[in-house]
Amino acid sequence: MESLDPKLVTVFGGSGFVGTQIVQLLAAKGHRIRVAVRQPNLAGHVRPLGTVGQVVPVQANIRNRASVERAVAGADIVINLVGIGANRGAQTFEAVHVDGARTIAEAARAAGASALVHMSALGVDTAAEISAYAASKLAGEAAVFEAFPKAVVMRPSILFGQGDGFFNLMAGLARMFPVMPLIGGDTKFQPAYVADVAEAFVLAAEGQLKTGKVYELGGPQVETHRALLQRIQREALRNRPLLPLSFGVAKMLASVMAILPFPPLLTVDQVALLSVDNVVSAAAIKEKRTFAGMGIVPTAMDTILPTYLWRFRKHGQFDKTLPNPASDASSA
């Protein structure tokens, strides 16, 4: 359904996994969208998400204030999805999650934007003392609210959906290796479906949520890290033994990976995060700062994971799944 009052929206990081979902929803509602990215020539895939000329990639680097100001000039709504999982050169947690977030918020305020929606991560408040990533995300939230008090901050749990970074990676490891490393097997997670998260962002962008608040987004199922790996293997029709690793051993392996010339599969910081539960807080539930409080019914993993994890089976979509009792009975 198209909005009765279409706006100009600037989405930083709008060409990524979450961004493309948000852009598509905004376009369906009739808004005009600038997708602010460092390399617009690599973001052509966002153009077909709307009608001709409705979605336009523009150049912006959040470490360059002038480019950010150009990207938000005249925008009614600003959304910041930019984040990194590890420090890499000039792309550091401080530069991206704190300074970059502050720059965008200050530019949005100066441009007269009516709404700012900022992407954070679930559990950063509880993990800030042990994780540089979490600490930077938390500091970024504070910087955003200082510059734009009526901002809305979203803290999603790990995400699932076509092209996600966690479930696809773990299923790929199950396909390649004879065992699956298990770090912090009892740590709890509450995975959220990317389309539900996108819907929450659009509600906030259109002014349908209370501002100046932090919302925590978790799906309907809470599962341990061990249970998630077992679930992934069931969907991929794999049966790899789980190899428990202590946090000490895992940190040592991550330290070795850090000196390799390519992005590591695991960092010391990520190991630390695996020691902290990643679930929606009791306070957020009580104060209705959740999917339920927004009127969104979150989607279960059972509904979505089978639609894309089949490609990690030995024979892909042609691999046999569990027997169908009805077909067995009819052939008897």
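The structure under discussion appears in the preceding block.
Fair warning: this is a prediction, and the values are worked out from it, not measured in the lab. Residue indices follow the written sequence of each chain, beginning from 1 at its first position. Per-residue local features of the predicted model are confined to residues with pLDDT of at least 70, and side-chain atom pairs are confined, for both listing and counting, to 80 or more; whole-chain, interface and lining totals are unaffected and use all residues. For side-chain calculations, the full set of non-hydrogen atoms in the structure is used, while hydrogens and water are omitted.

Draft legend 1. Layout of the overall build of the protein chain. The secondary structure listing takes helices from DSSP runs of H or I that are at least 4 residues long and strands from runs of E that are at least 2 residues long, numbered from the N terminus. For the protein chain, the count of helices and strands is 14 helices and 13 strands. Our radius of gyration looks at C-alpha atoms and nothing else; its globule reference is 2.2 Å times the residue count to the power 0.38. Against the compact-globule benchmark of 20 Å for 332 residues, the protein chain has a radius of gyration of 21 Å, which places it among compact chains. Its C-alpha atoms put the protein chain at 65 × 50 × 45 Å along the principal axes. Accessible area is worked out with a 1.4 Å probe on protein chains only. A residue is then buried under 20% of its type maximum, exposed over 50%, and partly exposed in between. The buried share of the protein chain, reckoned over its 332 residues, is 47%. Every residue pair with non-hydrogen atoms within 4.5 Å of one another is taken to be in contact. Pairs at least 24 apart in sequence give 77% of the contacts found in the protein chain among residues at least 6 apart. Each accessible area is a Shrake-Rupley result for a 1.4 Å probe, and residues are judged covered by the shown protein chains and nothing else. Summed over all atoms, the accessible surface of the protein chain reaches about 15,800 Å², with 57% contributed by carbon and sulfur. The centroid of the 32 positive side-chain charges in the protein chain is displaced by 4 Å from the centroid of its 25 negative side-chain charges. Only four residue types enter the tally: Lys and Arg on the positive side, Asp and Glu on the negative side, with His and both chain ends excluded. Think of each charge as sitting on NZ of Lys, CZ of Arg, CG of Asp or CD of Glu.

Draft legend 2. Fine view of helix H6 (residues 167–176). Taken across its 10 residues, H6 has 7 buried, putting it largely inside the fold. Three or more residues of H6 are buried, namely Phe167, Asn168, Met170, Ala171, Gly172, Leu173 and Ala174. Looking at the buried residues of H6, the elements they touch are strand E7 (159–160), strand E8 (180–183), helix H8 (225–236) and helix H13 (301–304).

Draft legend 3. Examining the pattern of salt bridges more closely. The salt bridge criterion pairs a side-chain nitrogen of Lys or Arg with a carboxyl oxygen of Asp or Glu, the two atoms within 4 Å. Counted under the stated rule, the structure contains 10 salt bridges. Glu223 is the partner of Arg231 in a salt bridge, and the nearest nitrogen-oxygen pair spans 2.6 Å. We classify Glu223 as buried; its relative accessible area is 14%. Between Glu287 and Arg289 there is a salt bridge whose closest N-O contact spans 2.7 Å. Arg289 gets classed as buried once you look at its relative accessible area, which sits at 13%.

Draft legend 4. Here's a closer look at the sheet that holds strand E3 (residues 55–59). Taken together, the 7 strands give an open sheet; going across it, the order is E3-E2-E1-E4-E5-E6-E11, and neighbouring strands pair in parallel fashion. The two strands at the open ends of the sheet, each matched to only one other strand, are E3 and strand E11 (213–217). Averaged over all pairs of adjacent strands, the angle between strand axes in this sheet comes to 20°, irrespective of strand direction. Of the pairings in the sheet, the one linking strand E1 (residues 8–12) to strand E2 (residues 32–37) comprises 5 bridges and is parallel in character. Each bridged residue has a counterpart across the sheet, and for Val9 the counterpart in E2 is Ile33. Helix axes are fitted only over the stretch in contact, all axes being lines through C-alpha atoms; the angle between N-to-C directions runs from 0 to 180 degrees. This element, helix H1 (residues 17–28), spans E1, E2, E3, strand E4 (77–80) and strand E5 (115–119) of the sheet and lies at about 165° to E2. Should DSSP find at least two bridges between two strands, the strands are regarded as paired.

Draft legend 5. Inspection of the nonpolar core at higher detail. Remark: nonpolar core denotes a set of buried residues (Ala, Val, Leu, Ile, Met, Phe, Trp, Tyr, Cys) joined through side-chain atoms within 4.5 Å. Ile22, Ile79, Met154, Phe201 and Met294 are the most contacted members of the largest nonpolar core, which totals 64 residues. It is helix H7 (residues 194–205) that contributes the most residues to this core, 9 residues altogether. Setting aside residues up to four positions removed in sequence, Ile22 forms contacts with Ile79, Leu81, Ala198, Phe201 and Val202. Core analysis: the second largest hydrophobic core is formed by 30 residues, Phe93, Ala101, Ala107 and Ala151 among them.

Draft legend 6. Up close: the environment of Pro156. The residue Pro156 is located in strand E6 (residues 152–156) in this model. Of the residues examined, Pro156 reaches a relative accessible area of 6% and is grouped as buried. Residues Pro156 and Val23, 133 residues apart in the sequence, show an inter-C-alpha distance of 18 Å. Aside from chain neighbours lying at most four places away, what touches Pro156 is Met119, Ser120, Ala121, Leu122, Val197 and Leu217.

Draft legend 7. The arrangement of the pairing of E4 in detail. Neither face of E4 is exposed, since Ile77 and Ile79 on one face and Val78 and Asn80 on the opposite face are all buried. One ladder, built from 4 bridges, connects E1 with E4; its direction is parallel. Counterpart to Thr10 in the pairing with E4 is Val78. Inspection of the sheet shows E4 paired to E5 by 4 bridges, in the parallel sense. Bridge pairing links Val78 to Leu116 in E5. In this fold, E4 hands off to helix H3 (residues 93–110), which returns the chain to E5; that crossover is right-handed. Here a crossover is taken to be right-handed if, once the strands point away from the viewer, the path from the first strand over the helix to the second is traced clockwise.

Draft legend 8. Inspection of the packing of helix H2 (residues 65–72) against H3 at higher detail. The contact between H2 and H3 brings their axes to 9 Å, and the two run at 45°. Of the possible angle classes, the one that applies to H2 and H3 is oblique. H3 is crossed by H2, and the crossing has right-handed handedness. When H2 is examined against H3, the residues Arg65, Val68, Glu69 and Val72 are found in contact with a partner set consisting of Thr103, Ile104, Glu106, Ala107 and Ala108. Each angle is binned into one of four classes, with values under 35 degrees roughly parallel, values over 145 roughly antiparallel, values of 65 to 115 roughly perpendicular, and all other values oblique. Rotating anticlockwise by less than a right angle from the far helix to the near helix defines a left-handed crossing, while the corresponding clockwise rotation defines a right-handed one.

Draft legend 9. Main features of the packing of aromatic side chains. Only rings of Phe, Tyr and Trp enter the pairing, Trp through its six-membered ring, and a pair is recorded when the two centres are within 6.5 Å. The plane angle decides the type: under 30 degrees is stacked, over 60 is edge-to-face, the rest tilted. With the rule as written, the count across this model stands at 4 aromatic pairs. An angle of 75° between the planes, with centres 5.8 Å apart, marks the rings of Phe93 and Tyr133 as edge-to-face. Here Phe93, found in helix H3, pairs with Tyr133, found in helix H5 (residues 132–147); they are 40 residues apart in sequence, far enough to count as distant. Consider the rings of Phe160 and Tyr193, whose centres lie 5.5 Å apart with planes at 20°: the pair is stacked.

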